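Next come the chains, spelled out residue by residue.
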Amino acid sequence: ISYCVCLPQVVLEARHEPGYCAFYEECGKNPTVAGSLLPPIIPCLNYSRARALEGKHYQQLKKVCPMLDRGEGSTTACCSIKQLKSLEMSLMLSKAVLMRCPSCADNFAHLHCINTCSPDQTTTINVTRTINITTLGIVKEAVVGYQAYLSTSFADKSFESCKNVRIPATGGYAIATMCGRYGSALCTAQRWYDFQGDSSNGLAPLDIDFRLIPEGVTEGIPDGIVPYAGRALGCNEMTPTGAEVCSCQDCQASCPVVPSPPPPAEPFTIGGVDGYLVLCVIFLCVLILAFLERLIEPWEVTCTDKNSLATQEFLGSGFRAWGTLVASHPLKVLLASAVVTAAFATGLMHIELTTDPVQLWSAPNSRARIEKDFHDKHFDPFFRTNQMILTAPGRPGHFYDSLLFGKQNFSGIIAKDLILELLKLQKKIQFWSNDLNRMASLKDVCFAPLNPSNPSLTDCAVNSLPQYFQNSVANLNAKVNMTELGVTKEVDWRDHFIYCVNSPLSFKDITDLQLSCMADYGAPVFPFLAVGGYESYTTAEALILTFSLNNYPRDNVKFKVALEWEQRFLDIVQEYQKSPGNPFTFAYMAERSLEDEINRTTVEDIPIFMISYAVIFVYIAVALGEYTSFSRILVDSKFLVGLGGILVVGCSVLASMGFYAWIGIPSSLIILQVVPFLVLAVGADNIFIFVLEYQRDARRPGEKREERIGRVLGNVAPSMLLCSLSESVCFFLGALSTMPAVKSFALYAALAVLMDFVLQMTAFVALLSLDARRQDGNRCELACCVTVKTTAPTKPNEGFLLPAMRKYYAPVLLHPVTRIVVFIFMFISSIYLMFYVTVGLDQELAMPQGSYMLEYFKYLYAYFEVGVPTYFVTTKGFNFTSIAGMNATCSSVGCDPFSLTQKIQYATEYPDLSYMAIPANSWVDDFIDWLNPGSKCCRLYSIGPNKGKFCPASLGAYDKAVITDESGEIIGEEYWILFITFEPNTQTIKLRKSKVTCVSVLLATRFMAYHTALTTSKEFTAALKIARELAHNITLSMRSIPGTSQDFEVFPYTVTYVFYEQYLTIVSEGLFNISLCLLPTFVVCCLLLGMDLRSGALNLLTIIMITVDTVGVMTLWGIDYNAVALINLVTAVGISVEFVSHMTRSFAMSIQPTHVERAKEATATMGSAVFAGVAMTNLPGIVVLAFAKAQLIQIFFFRLNLVITLLGMAHGLIFLPVLLSYFGPGVNKAVLLRLQQAKAQELELSSHAKNIYDNIGYEDQENSPNPDTTPHHPVRTPHH
């Protein structure tokens, strides 16, 4: 066939009569149209009567244009059978995106059938341009342009039926791909038809000028023309062929009435005032009134008194004997202690440090972990994200007058030179891999959804703006002159970009550049993944570059390669950031960045912790000394004792870690940071109490040094046991927590505290015995061979603190004028504030100051318009192959209005409440479209060697696939397999996304939606909660489908859920853990004080107050409540025991006559030791932590531990003495009676001894003849 083409000519005259055609039959291809998706076949100009149709011709018209069917023998039309087939092929591509709404597709076909085949063709169209085409020597006049007249009623109703039809794969509207530069937001009926009539759109074979004429208007209409005013279907109407109404997702009029979700719960109020505040004020008044009354007189000797005395005597005598034994054999005890500690510590060779955040903060049996494991098993783990967000602040933008899209404002970042620079940057990364023994690049580790088995570089999922140009410099530089509506202009990359961000699924733009919008790896690049910070895409403030890598298991060799690639990525980006020619200001991250930065911070802050421990050690060594005179400083100092105390703490921590390493319980960095600090606080207190008691005690006549040490230990060890046992049991019970990090911390802390007490009762007693031996010999501490002549004073040394507290502090504190109201007010205030503490941990707080990740988070929150993708995953047990099953999950025509995807769609209509931004794409809808014979996607060979096998849509020979059998079941699993494995093309453009999120042999499926941009921990947690509620609602409705297993489930999954799930239950979890920790403080106190319930209750009350006040101050100081804070609150209970229990026991054992005197004695004697041993030990070390780089350490270790220490000190040394002076137990009558009996016996013995002495002296004098010269020979005579 040869063509002779002449220039187009304008048709000057045309006749418009009913029953006549303007053109008929095909003349050939339109030579003025190039690069069309379909051959641009144009009709021949032919003014003639409409033809009567019969046979195959009639059947073809009935199939393609049923609205023109008037019955065989009565139907006439203006199109040949060839034209009908071409029209069918053209409509097929458009229906691929419109067939979700049959009435829309019907209206679309209706118009083009009227234009092409109407028997009254000349009354609705006016041919405006023709061209001469010579074929086989025959010259034919072909139509290349005409006007089509439509009534606005038909045009508007057709447009209304189509404007809401969605493409679930993108979350956008189908109309956006059919309205050119205007997209869906600015599309109107006129603009929609203008795009359809534009031969440059890749589908229209000729130019059609659609004229929309309002009813009754005749001006400007050629004679004989009657604008077509046929009946267009509403989207909520069935088609004449029986197709169902459009789904709710595509047609608002089809939607059932769905009630709006309830607004957030109103705050709790009483009489319009904050309810918590009112209740707290009432509670405050009740407590104040309680302190207006004084207690009753002391009890008589009771069973409790006797039990208390028996307990104290038993513990005192036991520890006294033990202390004497240890002090007598110090070297043996030290050796035995060292051997036992070493045996435990050797387990450190097998220690495992858990650094994976998932394993640290999410329990293996938690719902989020189970769901994550299920998802990863069936769909592979969530890919690893490596990302850059680039801006160009200060760079001027420009206006671009586009031929197709009009005047457009381009921001400074959307510039070709910057896009080329970005393209150059993203191609840099390759390196030598020792694991692969060759050069490695992105293709070795990338996520390649369409070719995962053997990917090339162009198969890798890289999302960026250059992907709209397939990462091709040539495509980006392409320019071409284009004529539109008589205007010729140059079109370039900007026109292509504008088109693609509005139609990312297009294989070909509407410009003469004829470039695809699809990425080089075969999937669309949605604009919210390519640009950020926009109101319109051309004014975006940031470019986004994202590399997606496969998330290999950690034992896979390619996991190391992925880590190497990410490290190389970071190195190149950091080097590029420093280069002088860099035009960008940007932030960046790799998947490994979070873990790297946390580990780096930990290593960098180790010196801070070492300095903290050193400061504590110096304080202990100095504070333990007696310093009676300058010449005895080296004798009375306790440097080696302080060092020994520190070593005891260190050995207890090593023994604990070694033991758990032996039995396979992993450790973590938080254990290395917190447990030594905790044990040091607990251990230092016991050391101070023991050493200060020894220094204040006077050796009794005839008492050996070892016996004195044993006696002192017998006095203080029960108090030390009370605290250590309470804390250890507290932490062991805390190990019942479901959070792995909290559980492991509690186990390590419990054993470390227990080991610390054991080593204090052995090694430290032995060290003190050796030091006492040295001090008694007046030998210097660091030079044992050097002795000092100055002798030690005979009076016990009380130091500075004890006299000061006895003389000044205790009397002032317990003066009748002093009130406790301030502490009650603080307690009630803290209860109120506790209800408003923020729950969560914003991820930027895990980063050190100055980390590049902080800048990344800032950019992320500022420029990202859409949040993380979330999958709604279905488990096995649901019959997707039944019609009912498909209807319960799809969202297209005929689907249940409350189907899975439709419910997600409803949720996206309330993004502020649901945190859902983009509806779920539905592979079920795509499968239905794929099966539809009209799509020509699912076809089988009808002849030849491949008969019965799958036939690609690009080939001609086919049979329609049989969709269902009589029972409504899909025939054969092969259709599912074919759908999963087919390769999309222009016929199946809409289905390409389904290829990415395919199913796994129907054991599990997933539907991908997008969250809104989430920035805070609170929002992430709320999004998880709402998504789970939505999934549960979907699960219940799908279980009602016949044949569905009752264990079938739909659950939401995204990569962040596993971290934020803990915040759904952390309040109840924290209350449970802290309550478990508080329980032993009461029980142990009662038991060790001989069932003294009142002391136990006051002890418990004070610890509760410290904990509550700590949470209240957290609210004021901006410390969020999370797992790290929970660990510190559990620690706070342990430290509070040190501040409180020693004081409570000291008061209970005092025999002063009044409550006030006993409180004074306890405050002076034990309060001074607690102040020196706990408060002043902790504070210097805590202050040093303020200089740490890690924000976690600054907030949750410096701030929180400072609060805990100050509140513990205030409650233990101010509140508790006052509380005991009011409500403390009475004097233990059994102790008092025992002391009175002992005193009476002592007086009797003293009197008896005096009488003996007097008698002996008298007899000596009587028997001596000369007292001055005769020696005395006393004779012991019995005294009667």
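Quick note: structure is the one above.
Below, the structure is looked at part by part. Fair warning: this is a prediction, and the values are worked out from it, not measured in the lab.

On to helix H19 (residues 705–734). The terminal C-alpha atoms of H19, which comprises 30 residues, lie 41 Å apart, in line with the 44 Å expected from a rise of 1.5 Å per residue. In the structure, H19 departs most strongly from a straight axis at Val 716, where the bend amounts to approximately 40° and where the proline Pro 718 lies between one and four residues downstream.

Right, let's talk about the sheet that holds strand S28 (residues 916–918) for a bit. In spatial order, the strands read S28-S31-S27-S32; together these four strands make up an open sheet with antiparallel pairing. Where the open sheet ends on each side, the last strands, each with one partner, are S28 and strand S32 (1050–1053). When strand polarity is set aside, the average angle formed by the axes of neighbouring strands in this sheet is 45°. Note that strand S27 (residues 869–874) and strand S31 (residues 1005–1011) share six bridges and pair antiparallel. Across the sheet, residue Phe 872 finds its bridge partner in S31, namely Phe 1007. With respect to the sheet, helix H10 (residues 367–379) is in contact with S27, S31 and S32, its orientation differing from that of S32 by roughly 90°.

Given 3.6 residues per helical turn, the α-helix brings residues three or four places apart onto the same face. For helix H15 (residues 593–623), which comprises 31 residues, the first-to-last C-alpha distance of 44 Å matches the rise-based estimate of 45 Å (1.5 Å per residue) to within 8%. The axis of H15 is deflected most strongly, by about 35°, at Asp 605, and proline Pro 607 appears within four residues downstream.

Bringing the packing of helix H18 (residues 669–696) against helix H35 (residues 1155–1185) into the picture now. Contact geometry for H18 and H35: axes closest at 9 Å, N-to-C directions at 145°. Of the two elements, H18 crosses H35, and the hand of that crossing is right-handed. Across the contact of H18 with H35, the residue classes break down as 13 nonpolar, six polar and two charged.

Moving on, we come to the side chain of Ser 667. Note on placement: Ser 667 falls in strand S26 (residues 667–668). Overall, the relative accessible area of 1% leaves Ser 667 in the buried class. Once residues within four sequence positions are removed from consideration, Ser 667 is found in contact with Ile 351, Glu 352, Leu 353, Thr 354, Met 657 and Tyr 748.

With that settled, consider the packing of aromatic side chains. This model, assessed by the stated rule, comprises 42 aromatic pairs. Centroid distance Phe 319 to Phe 757: 6.4 Å. Interplanar angle 85°. Geometry classified as edge-to-face. Here Phe 319, found in helix H7 (residues 303–328), pairs with Phe 757, found in helix H20 (residues 740–776); they are 438 residues apart in sequence, far enough to count as distant. Phe 757 shares its class with Phe 319; the two are buried. An angle of 20° between the planes, with centres 5.8 Å apart, marks the rings of Phe 526 and Phe 528 as stacked. Neither Phe 526 nor Phe 528 differs from the other in exposure class; each is buried.

Thresholds, definitions, all that
- Residues numbered from 1 in each chain as written.
- Predicted model: local features only at pLDDT ≥ 70, side-chain atom pairs only at ≥ 80, totals over all residues.
- Heavy atoms only, no water.
- Helix = DSSP H or I, 4+ residues; strand = E, 2+ residues; numbered from the N terminus.
- Expected span 1.5 Å × (residues − 1).
- Bend = angle between axes of the 7 residues up to and from the residue.
- Pairing = 2+ DSSP bridges.
- Axes fitted to C-alpha atoms, helices over the stretch in contact; angles between N-to-C directions.
- Contact = heavy atoms within 4.5 Å.
- Left-handed = near helix turned anticlockwise from the far one by under 90°.
- Nonpolar A, V, L, I, M, F, W, Y, C, P; charged D, E, K, R; others polar.
- Buried < 20%, exposed > 50% of the residue type's maximum accessible area, 1.4 Å probe, protein only.
- Phe/Tyr/Trp six-rings, centres within 6.5 Å; stacked < 30°, edge-to-face > 60°.

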